[in-house]
Structures are given as structure tokens and as C-alpha cells.
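Each chain is listed here by its residues.
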Amino acid sequence: MSVLAIDAGNSKTDVALIGPDGTVLGTARGGGFRPPAVGVEPAVDALADAVVRAWAAAGNSGPVGVDHVSACLANADLPVEERQLAGALAARGWGGTVQVYNDTFAILRAGLPVGAEPRGVAVVCGAGINCVGMTPDGRTARFPALGKISGDWGGGGGLAEEALWFAARAEDGRGGPTALARALPEHFGLPSMYALIEALHLERVAPARRHELAPVLFAVAAEGDPVARALVDRQAEEIVALAVVALERLDLLEEQTPVLLGGSVLAARHPQLDDRVRALLADRAPKAVPLVVAASPVLGAGLLGLDAVGASAEVFERLRGQYT
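(A) Summary view of the sheet that holds strand E4 (residues 66-73). Spatially, five strands are ordered E3-E2-E1-E4-E5 in an open sheet, and the strand pairing comes out mixed. Among the strands making up the open sheet, the edge pair consists of strand E3 (24-30) and strand E5 (95-102). On average, adjacent strands in this sheet sit at an angle of 15 degrees to one another, irrespective of strand direction. As paired elements, strand E1 (residues 3-8) and strand E2 (residues 13-18) share six bridges and run antiparallel to each other. Looking at E2, one finds that Ile6 is bridged to Val15. Strand contacts of helix H12 (residues 297-309): E1, E2, E4 and E5, with the helix running at about 140 degrees to E1, the strand carrying the most contacts.

As C-alpha cells, then:
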């Protein structure tokens with residue numbers, strides 16, 4: 001049975017059309033998926049562009065038509081949002097059946113080995129931060145992941161905001177010194193934090209470009225700046241706190257369990273962050289097995305789709321082989 005796999009994050013969308021034998025027939029990439037900002041229907045319209053292009057890349061013409069749609073979507077943070085988005089996708093008529101998951105489940109499913117039972121925890125630290133866990137008996141652990149109102153801290157966007165806060169205060173005297181005060185404006189070719197603040201406020205630097213500052217923060221931390229290093233350590237604490245709570249909820253702390261780490265911030269394997277996460281997990285969840293997921297999350301959406309249609313082991317292996 002054919003599957004349309006969609007992985008839609010805050011910054012980009014990947015779509016793959018998967019044939020009945022697990023072969024990827026066509027792919028396409030689109031922009032970010034942000035229904036809270038633009039509305040559900042306009043967000044799904046943006047998905048539709050990538051879906052149609054993937055359909056055409058497979059040599060098809062006419063309306064998109066598959067057996068099952070498996071969509072892992074950013075901002076599908078609450079069950080009510082998953083149902084709403086599933087309804088919007090079903091209304092497009094792309095597939096006989098539709099299943100919507102939060103996009104963190106794509107990392108979890110992509111990181112589990114072929115033939116492994118669906119048991120583990122995934123933490124995504126990309127533009128934002130989130131965590132999910134699942135067990136073979138169908139239990140899940142998840143968090144609202146709605147930003148500060150749900151207790152979240154960090155991700156690329158959050159780190160950029162923190163870096164700007166400390167850099168601004170360092171320059172104007174309200175805070176202590178940090179190399180971030182020089183490095184952040186230099187990234188945009190600007191002479192000072194005041195100039196960067198003005199450019200961001202007046203949108204001469206596009207708001208979306210704030211995410212570029214997270215790698216700058218990590219570079220400054222690698223040079224030894226105490227403020228930047230403290231922010232990286234705090235991000236590690238937040239990642240591990242999510243993972244440990246999810247393991248506790250699922251009664252997995254005493255079992256050897258994969259903790260799958262994904263998203264652009266974790267996939268970059270910044271040494272300080274990577275080492276600190278592993279050290280904290282070794283202390284708080286000694287049986288956890290941390291693994292960085294390098295495969296594209298759309299693979300996870302595809303594997304979830306194959307789960308839903310009851311594909312054979314050979315089909316799973318063929319699909320995974322095209323992404324590893």
C-alpha cells in the first residue's frame with residue numbers, strides 16, 4: 001500500500017511518496033509549517049504545494065491519491081490540534097486514511113533500529129524543544145511544548161533570545177561582560193548591540209534570522225566565554241530533564257532504553273552540549289542509551305505510515321536503506 005509521508009517542522013517541510021514495496025518514488029521540500037501564526041488552512045495550503053510537487057516528481061499527474069497519509073507536524077502539540085489537523089488533511093482527499101502525529105514522533109520512529117519494538121524516548125531540540133516517549137503497549141509520554149507558558153526553555157529560538165538578552169545588558173552596563181556582545185552584531189555585519197537591536201526592532205534584519213544566532217552562541221561558548229557556556233549547560237539540563245521525566249512516566253528508568261536526540265541543535269553535535277547531555281543522563285538515568293538521530297525525520301513519518309498499513313519487514317528495510 002502506498003504512503004504519503006510528511007514531516008513538517010517550524011522551518012521546513014519534507015514530503016516523500018512511498019510505493020507499496022518501500023521505494024521512495026518522489027520527494028519535495030517546502031517551507032515551515034506554522035498554523036498558530038497563519039491559520040490551519042493556509043498552513044495546509046503550504047503543505048499542499050510540496051505534496052503536489054512530490055506527486056509530480058514520481059511521474060504522476062492528476063490529483064494526489066495514496067492509501068495512507070502519515071503526517072508528523074510541528075505545532076500539533078495537543079490532541080485537539082492533532083484531530084483538527086487530521087481533519088484538514090483528510091478534507092484534501094490525498095489518502096484513504098490519515099494519521100497526524102507531533103513531529104517529535106518522527107525522530108523517535110526514525111531512530112529505532114529495524115525490527116526493534118516501539119520503545120524509547122525522543123528529545124528534539126531544533127527551532128524549539130519537545131520530548132515524547134512510547135512503549136509497545138501503546139502508552140505515550142508527551143509535553144504540551146507551547147513555550148514558556150508550558151514550562152519550556154531553549155531550542156534554537158530560545159537560545160538566540162537568551163544570547164541577545166545577555167549581550168544587550170553587557171553592552172549597556174546592566175550586566176557583566178560577554179563576548180556575545182561583539183559576536184552577535186558581527187554576524188550581521190553590524191558594529192554594536194545597539195545597532196543590532198535597532199535592526200531587529202525595525203525588521204531590517206528579518207525576525208526569522210534570529211535563529212542564525214544559536215550557532216554563534218555555540219561558537220562563543222567553544223571559545224570559553226562563561227556566559228555562553230552557562231547557556232549551553234542550561235540547555236543540556238533542559239534536554240535531560242525532559243528525557244528523565246518521560247522515562248519515569250513510562251516506567252523505563254530501570255530498563256535499557258534508547259534516548260533519541262534530534263533536531264538541528266542536537267544533530268550538530270556541539271561538543272560541550274553533547275558531552276554534558278551524556279554526562280547528565282549517565283548520572284540520572286544510567287540505563288538510558290543516548291543516540292543522535294542523523295536520518296531525515298521524514299523517514300520516521302514514512303515508517304509510522306508503514307506501521308499503519310501493516311507493511312512487511314522487507315518493506316521497512318527497503319525504506320530505511322534509502323535514508324541511511
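(B) The pairing of E4, seen in detail. Of all eight residues in E4, seven are buried; the element is thus mostly enclosed. As paired strands, E1 and E4 are joined by six bridges and run parallel to one another. In the strand pairing of E4, Leu4 is matched with Val69. Note: E4 against E5, seven bridges, orientation parallel. Within the sheet, the bridge partner assigned to Ser70 lies in E5 and is Gln99. Handedness of the crossover is the feature at issue here: the chain leaves E4, passes through helix H3 (residues 79-91), returns alongside E5, and the resulting connection is right-handed.

(C) Summary view of the sheet that holds strand E6 (residues 120-125). Taken in spatial order, the five strands of this open sheet run E8-E7-E6-E9-E10, and their pairing is mixed. This sheet does not close on itself; its edge strands, each paired only once, are strand E8 (140-142) and strand E10 (288-292). Each strand of the sheet is rotated relative to its neighbour by a mean of 15 degrees, with strand direction disregarded.

(D) How the structure looks around the pattern of salt bridges. A complete count under the given rule lists 20 salt bridges for this structure. In this structure, the salt-bridge partner of Arg284 is Glu237, at a minimum N-O distance of 2.9 Å. Of this pair, Arg284 sits in helix H11 (residues 271-284) while Glu237 sits in helix H9 (residues 226-249), and the two are 47 residues apart along the sequence. You can call Arg284 partly exposed: its relative accessible area is 35%. Among the ionic contacts, a cluster of salt bridges with common partners joins Lys12, Asp14 and Arg29.

(E) Summary view of the packing of H12 against helix H13 (residues 313-321). Remark: H12 packs on H13, axes separated minimally by 10 Å, with the N-to-C direction vectors making an angle of 170 degrees. Taken together, the axes of H12 and H13 are roughly antiparallel relative to one another. In this structure, H12 contributes Leu299, Gly302, Leu303, Leu306 and Asp307 to the contact, and H13 contributes Val315, Phe316, Leu319 and Arg320. Its residues assigned to classes, the contact of H12 with H13 comprises six nonpolar, one polar and two charged.

(F) Here's a closer look at the environment of Ala50. Inspection of the secondary structure puts Ala50 in helix H2 (residues 40-57). Residue Ala50 is classed as buried on the basis of its relative accessible area of 0%. Taking C-alpha positions, Ala50 is 5.9 Å from Arg29, a pair spaced 21 residues apart along the chain. Other than its neighbours up to four places away in sequence, Ala50 contacts Val15, Ala28, Arg29 and Gly30.

(G) Up close: the nonpolar core. Core analysis: the largest hydrophobic core is formed by 54 residues, its most contacted members being Leu180, Leu184, Met193, Ile239, Leu273, Val277 and Leu281. Element by element, the count of residues in this core is highest for H9, at eleven residues. When near neighbours in sequence (up to four residues on either side) are disregarded, Val277 contacts Ala236, Ile239, Val240 and Leu261. By size, the runner-up hydrophobic cluster in this structure holds 30 residues, among which are Ala16, Leu112, Val124 and Val293.

About the cut-offs
- Residues numbered from 1 in each chain as written.
- Predicted model: local features only at pLDDT ≥ 70, side-chain atom pairs only at ≥ 80, totals over all residues.
- Heavy atoms only, no water.
- Pairing = 2+ DSSP bridges.
- Helix = DSSP H or I, 4+ residues; strand = E, 2+ residues; numbered from the N terminus.
- Axes fitted to C-alpha atoms, helices over the stretch in contact; angles between N-to-C directions.
- Contact = heavy atoms within 4.5 Å.
- Buried < 20%, exposed > 50% of the residue type's maximum accessible area, 1.4 Å probe, protein only.
- Right-handed = clockwise from strand over helix to strand, strands pointing away.
- Salt bridge = Lys/Arg side-chain N within 4 Å of Asp/Glu carboxyl O.
- Parallel < 35°, antiparallel > 145°, perpendicular 65-115°, else oblique.
- Nonpolar A, V, L, I, M, F, W, Y, C, P; charged D, E, K, R; others polar.
- Core = buried A, V, L, I, M, F, W, Y, C linked by side-chain atoms within 4.5 Å.

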